[in-house]
Amino acid sequence: MAGGPIQLWNEWAIQILILFSFVLQIFLFVFARTRRRGSSAVLRILLWLAYLMADSTAVYTLGHLSITGSPSEHRIVVFWAPFLLVHLGSQDTITAYALEDNQLWPRHLLTLGVQASGVSYVLYKHIAGIPSSLRFSTVLMFIVGVIKYMERIWALKCATLDSIRGSIRKPQDLPYYYRVLPSQRVRAQERDDEELVLFAQGMLPLCKGGIVNFPVALTSAPIFDWSNLNWNWNSKATFKVVEMELSLMYDILYTKAAAVHTWYGYCVRVFSMLATAAAFVRFQLRDNGNCYSGTDVTITYILLVGAFLLDIASVFSALGSTWTCNFLLNLKWSKLGLAILYLRRHVKAAASNRGWSGSIGQFNLLRFSSRDKTKLTNIVAKMMGLEDLWNKWFYSETLVISEDVKELVFKHVWQVVKKIHLPNAENEIESTTYENGVEEPVAMMPSSGEWPGFRPELYDDTARRRKKLDDALNFSAELQEMILTWHVFTDVFLSCNITPEDASSSSAYLNAIKALSNYMAFLVALHPDTIPGFELRSLYEATEMALCLIRSHKPDLVGALYAYNPDHHDKDPEKPLLFSRWRHQLPPKPVMQVLVESSIVISHGVLYSKLMVQLTDAGYPDKPAVVSGYENRYRVAMDKLKRLMPDLESSCQGGEFDIPKVLVLILDTWVRLLVLASVRCKREAHAKQISRGSELTTVVWLMEEHASAFFNQPADLRGYMEE
């Protein structure tokens, strides 16, 4: 029995490997496209393994075949060698698993030379064993394999950040075919997904420029007297365009889209399909006098039919793509392009696979600090040195935000970025009122007499735009400190002061606040590399340790924090007890007081919750006096609060300050923190997130890029050309 598997492998190794390689290609073709909208952790792991094994299996099989050759009873296996080159060419749905894979295109170029030489050697070595009836088919599949692998290498090269940067160096117009679209005079929010994804194609230079840190600016130039873009962009339409742009950017970075949707890309697809069909027909007409193993013949049919079906699927997928629709319309083949647009609209192609998943990570620091460390799973994980990994997996979760929360958040985002770029230019926007009281700005694209396009942004314009962002979103303190402080405040305030009536009347705001609070804490705790500034991991760990110590004294962590009294014996409440020169002269503070004040994050967060409770209490009618009292006693904390909640004092002037008003201010602060984290995040981090369905920060960052283009007067292209 011990020799059974070894003998089986020795006799059927080539057959097993070639079928395994083919199965991997089918798996990648079917499931790789799910990464565009984000896939489950299990599927991501399987795709990663399949991606790695696909190349390794093909290379190993070729090496095995070149060394062992083909026995006389398995002469047809030599015909399979070119199929391994075809498999190395990969599928249209995936060329790179990670962003770094694109940088390895020179290695793949070397691999192509080595493996093509290996296949040539195998064919030359066993040419006498190949029946004359199969030699033509062998040469055809060899050519197809080389072309497909070259196409993959070209797609990898086009997806490098340097290549993307080079593609946007020259000024380029938005496509002129927008004037032939059926709903040409309709507002953006009234257009369907198919027309919005076509506009996303035109706006792609904006996304490319942001990804590679090579900003581009919207330009305008005189045109003829026919109507053009005046689509009136609001938050909903812009969000749809942004999520579609990110899906298109995924195609460029991680699939063959950059190579497929060109003249030679379409020709390769047609040639591959015809060549595979010709090889299949030639195999059918082979000389039956040659005796082949029945198993080998079956495997050959599987390879030929499978390759042909994959080619057919690739052709139809390419022809029905929005990339092809854009390609044809740019060539002014309007009827054919609009026909594809009609078919896509009929099957709702864009809505089904071009949107953002809406899933965000969630992590609650107070819940995490209240965990039972004596559980067996926690003890085992700590003993194995996997405590961080276990905590990351077990105490975090994924939330798919609802449509009403998504709409509310992005309306606030759009309002924040409008205030940054156009604080006073009322004549360049239109405003509509959201049902919950949020004013929604509508951006105006260039209209009569102008046609928009893109050109590289001048350095002075980039510096001016970034300074405007810094001034508008200047929180002064380290961003992680602000996020953790506001997270503690949000949890304490919402847990202790929201009644069922408040929860029912302001459910959208409450859900949005909780989702953003836990999402930003998720980024700080689990993905600190996505938070700009210093990666103060020690700040998070110190805060978590302080919360754990508080919980060890008081099991009800939130109740203990809410019971904290900042007005104790210390004359300067913001002077840390441990560093006070006169600490031996002061009466001892309670243990809980010391623990809370040992962390500036916790003490300030609890202080803000105390302030908001007093402001919403009808027993304190003079709201400005309450704020002034806190400012006199807690100077540092209140200075930070002014930056976190700049509209607090103006909101208190009317005398009425209720829970709905507080929730609006809290959500506004979370949105501003989200915008700041998004625009300051490394662009490479955004590009990496696209392969996992995109983070919320990536969507918000790109919305800010569009707001910068929409809300600013386009530069004159002629002036740029003269410079």
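A few words on the overall build of the protein. Within the protein, the secondary structure is distributed over 34 helices and 8 strands. Looking at the protein as a whole, 55% of its 723 residues are labelled buried. Across the protein, every contact between residues at least 6 apart in sequence was considered, and the portion connecting residues at least 24 apart equals 83%. Carbon and sulfur atoms provide 59% of the accessible area of the protein, an area that totals close to 32,000 Å².

So, about the packing of helix 23 (residues 507-526) against helix 31 (residues 659-680). Here helix 23 crosses helix 31 at 35 degrees, and the two axes come no closer than 10 Å. Judged by the sense of rotation from one axis to the other, the crossing of helix 23 with helix 31 is left-handed. Residues Tyr509, Leu510, Ala512, Ile513, Leu516, Ser517, Tyr519 and Met520 of helix 23 touch helix 31, and the partners they reach there are Leu663, Val664, Ile666, Leu667, Trp670, Val671, Leu673, Leu674 and Ala677. Here the residues of the contact of helix 23 with helix 31 sort into 16 nonpolar, 1 polar and no charged.

A few words on the pattern of salt bridges. Counted according to the given criterion, the structure contains 17 salt bridges. Measuring nitrogen to oxygen at the nearest pair gives 3.1 Å for the salt bridge that ties aspartate 55 to arginine 152. Of this pair, aspartate 55 sits in helix 2 (residues 41-68) while arginine 152 sits in helix 5 (residues 132-158), and the two are 97 residues apart along the sequence. Classification of aspartate 55 as buried rests on a relative accessible area of 17%. Overall, the relative accessible area of 1% leaves arginine 152 in the buried class. The salt bridge involving glutamate 194 is made with arginine 344; its shortest N-O contact spans 2.9 Å.

This structure, assessed with the given rule, holds 21 aromatic pairs. Aromatic ring contacts, followed pair by pair, group Phe79, Phe83, Phe280, Phe283 and Tyr301 into a single cluster. In this structure, arginine 35 is placed above the aromatic ring of tyrosine 97, and the distance from its NZ or CZ to the ring centre is 4.6 Å. Arginine 35 extends its terminal NZ or CZ atom over the ring of tyrosine 254, reaching a point 5.3 Å from the ring centre.

For the rest of this paragraph, the subject is the nonpolar core. Counting residues in hydrophobic clusters, the biggest one holds 138 residues, and the most contacted among them are Phe363, Trp486, Phe493 and Leu648. At 15 residues, the largest contribution of residues to this core is made by helix 23. Other than its neighbours up to four places away in sequence, leucine 648 contacts Leu611, Met612, Leu615, Leu641, Phe657 and Leu665.

A positive phi angle is found at serine 90, which is not glycine, with a value near 65 degrees. One can find serine 90 in the loop between helix 3 (81-88) and helix 4 (105-125). According to the relative accessible area criterion, serine 90 is buried, its value standing at 6%. The phi dihedral of lysine 332 is positive, around 65 degrees, even though this residue is not glycine.

To continue, consider a nonpolar patch on the surface. There is a patch of nonpolar side chains on the surface, built from Phe20, Val42, Ile45, Leu46, Trp48, Leu49, Leu52 and Met53 and spanning about 700 Å² of accessible area. Of the residues forming the nonpolar patch, the biggest block, 7 residues, is contributed by helix 2. Tracing the chain through its elements places tryptophan 48 in helix 2.

With that settled, the discussion passes to the side chain of glutamate 544. Locating glutamate 544 in the fold gives a position in helix 24 (residues 537-553). Setting aside residues no more than four positions away along its own chain, glutamate 544 makes contact with Leu365, Phe368, Ser369 and Arg371.

Moving on: the environment of proline 528. Structurally, the position occupied by proline 528 is in the loop between helix 23 and helix 24. For proline 528, a relative accessible area of 19% corresponds to the buried category.

Further remarks concern the packing of helix 21 (residues 479-497) against helix 23. Where helix 21 meets helix 23, the closest approach of the two axes is 10 Å, and the angle between their N-to-C directions is 140 degrees. Here helix 21 is positioned oblique relative to helix 23, judged by the angle of their axes. The interaxial crossing formed by helix 21 with helix 23 has left-handed handedness. When helix 21 is examined against helix 23, the residues Gln480, Ile483, Leu484, His487, Thr490 and Leu494 are found in contact with a partner set consisting of Leu510, Ile513, Lys514, Ser517, Asn518, Met520, Ala521 and Val524.

Averaged over all residues, the pLDDT of the protein is 80; the fraction at 70 or higher stands at 82%. Throughout residues 425-439 the model reports pLDDT below 50, and contacts reaching past four residues in sequence, or to other chains, amount to 35 contacts. With pLDDT under 50 throughout, residues 715-723 is counted as low confidence; its partners more than four residues away or in other chains account for 19 contacts.

Between its first and last C-alpha, helix 11 (residues 263-284) extends 32 Å over 22 residues, near the 32 Å set by a 1.5 Å rise per residue. Listed in full, the buried residues belonging to helix 11 are Gly265, Tyr266, Val268, Arg269, Ser272, Met273, Ala275, Thr276, Ala279 and Phe283. As for helix 11, its buried residues are in contact with helix 5, helix 10 (257-260), helix 12 (294-319) and helix 13 (322-330).

It is worth spelling out the environment of tyrosine 149 at this point. Here tyrosine 149 is to be found in helix 5. Through-space distance from the C-alpha of tyrosine 149 to that of serine 90 is 7.4 Å; in sequence the pair is 59 residues apart. The residues contacting tyrosine 149, other than those within four sequence positions of it, are Leu85, Leu88, Gly89, His108, Thr111 and Leu112.

Quick notes on the rules
- Residues numbered from 1 in each chain as written.
- Predicted model: local features only at pLDDT ≥ 70, side-chain atom pairs only at ≥ 80, totals over all residues.
- Heavy atoms only, no water.
- Helix = DSSP H or I, 4+ residues; strand = E, 2+ residues; numbered from the N terminus.
- Buried < 20%, exposed > 50% of the residue type's maximum accessible area, 1.4 Å probe, protein only.
- Contact = heavy atoms within 4.5 Å.
- Areas by Shrake-Rupley, 256 points an atom, 1.4 Å probe, with all protein chains shown as cover.
- Axes fitted to C-alpha atoms, helices over the stretch in contact; angles between N-to-C directions.
- Left-handed = near helix turned anticlockwise from the far one by under 90°.
- Nonpolar A, V, L, I, M, F, W, Y, C, P; charged D, E, K, R; others polar.
- Salt bridge = Lys/Arg side-chain N within 4 Å of Asp/Glu carboxyl O.
- Phe/Tyr/Trp six-rings, centres within 6.5 Å; stacked < 30°, edge-to-face > 60°.
- Lys NZ or Arg CZ within 6 Å of the ring centre and 35° of its normal.
- Core = buried A, V, L, I, M, F, W, Y, C linked by side-chain atoms within 4.5 Å.
- Patch = residues over 30% accessible without salt bridge, like charges linked within 9 Å, V, L, I, M, F, W, Y side chains within 5 Å.
- Parallel < 35°, antiparallel > 145°, perpendicular 65-115°, else oblique.
- pLDDT = per-residue confidence, 0-100.
- Expected span 1.5 Å × (residues − 1).

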